[in-house]
Amino acid sequence: IQRLDAIGMMWRVYDENFARFADAITAFHREHGHFNVPNDAAHAWLAKALSDWRARANKRELSAERMQQLQELGIPMSAREAVFQRYLLQVQRHV
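First, a word on what this report is: a plain description of the structure on this page. On a predicted model such as this, the values are computed, not experimentally measured, just so you know.

In this section: the nonpolar core. Among the nonpolar cores identified, the biggest contains 17 residues, and Phe-21, Ile-25, Val-37, Trp-53, Leu-70 and Ile-75 are the most heavily contacted of them. Of all the secondary-structure elements, those providing two or more residues to this core are α2 (13–32) and α3 (44–58). Those residues in contact with Ile-25 that lie beyond four places of it in its chain are Phe-35, Val-37, Leu-46, Leu-50, Leu-73 and Ile-75.

A full pass over the atoms with the stated rule returns two salt bridges. A salt bridge links Asp-52 to Lys-48, with the shortest nitrogen-to-oxygen separation between them at 2.9 Å. Placement of both Asp-52 and Lys-48 in helix α3 is noted, with a separation of four residues, approximately one turn of the helix. Assessed through its relative accessible area of 33%, Asp-52 is described here as partly exposed. Of the residues examined, Lys-48 reaches a relative accessible area of 51% and is grouped as exposed.

Attention shifts here to the packing of aromatic side chains. Aromatic rings in a pair are described by how distant their centres are and how their planes are angled relative to each other. Enumeration according to the criterion identifies three aromatic pairs in this entry. Relative to Phe-21, the ring of Phe-18 lies with its centre 6.1 Å away and its plane at 50°, an arrangement referred to as tilted. A residue pair is termed a helical-turn pair when its members lie 3 or 4 positions apart in one helix, as Phe-18 and Phe-21 do in helix α2 at three residues. Note on Phe-21 and Trp-53: the rings are 6.1 Å apart at their centroids and 35° apart in plane angle, and the pair reads as tilted. With a gap of 32 residues between them, Phe-21 in helix α2 and Trp-53 in helix α3 connect regions that are remote in the sequence. Each of the two residues, Phe-21 as well as Trp-53, counts as buried. Just above the ring of Trp-45 sits the side chain of Arg-20; from NZ or CZ to the centre is 4.0 Å. For the cation-ring pair, Arg-66 lies above Phe-18, with the distance from its terminal atom to the ring centre recorded as 4.1 Å.

Let us now look at unusual backbone geometry. A positive phi angle, close to 60°, is found at Arg-60, a residue other than glycine. Topologically, Arg-60 is positioned in the loop between α3 and α4 (64–73).

Here we come to the environment of Arg-66. Inspection of the secondary structure assignment puts Arg-66 in helix α4. For Arg-66, a relative accessible area of 7% gives the class buried.

All right, on to the environment of Arg-54 then. By the element assignment, Arg-54 lies in helix α3. Remark: the alpha-carbon pair of Arg-54 and Ala-79, spanning 25 residues in sequence, is separated by 8.3 Å. In contact with Arg-54, other than residues within four places in its own chain, are Phe-35, Ile-75, Pro-76, Met-77, Ser-78, Ala-79 and Ala-82.

Cut-offs and rules
Residues numbered from 1 in each chain as written. Predicted model: local features only at pLDDT ≥ 70, side-chain atom pairs only at ≥ 80, totals over all residues. Heavy atoms only, no water. Core = buried A, V, L, I, M, F, W, Y, C linked by side-chain atoms within 4.5 Å. Buried < 20%, exposed > 50% of the residue type's maximum accessible area, 1.4 Å probe, protein only. Helix = DSSP H or I, 4+ residues; strand = E, 2+ residues; numbered from the N terminus. Contact = heavy atoms within 4.5 Å. Salt bridge = Lys/Arg side-chain N within 4 Å of Asp/Glu carboxyl O. Phe/Tyr/Trp six-rings, centres within 6.5 Å; stacked < 30°, edge-to-face > 60°. Lys NZ or Arg CZ within 6 Å of the ring centre and 35° of its normal.

So, in C-alpha cells, the structure goes:
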C-alpha cells in the first residue's frame, strides 16, 4: 500500500473524478478567463460535470472539504453568477 501511495494511487474513484474535473476546469478558466463552459461537443463532459457539482453544492450534498476545494478553484456556484463574471471580465478588458 505504501508503494502505491508513493506513486499517487487514488483509492476512491470519487476523488479521481474530482481531480480530473479540477484539472479540466482550471485549464478551461486559464484559457478563457471564465467558468461559463459551453455545452457543445468539445466541452460536453466538462459542462455536465460543472452542472452536476453546482447542483450538488446548492443542495448541500457535498462535504465541507469538497465545498472548500470548489471555492479554492474560484468556481461560481450558480450559472447566473458565472455569466455575470464573464460579462464583467469583458467590460474590464475594454476599460
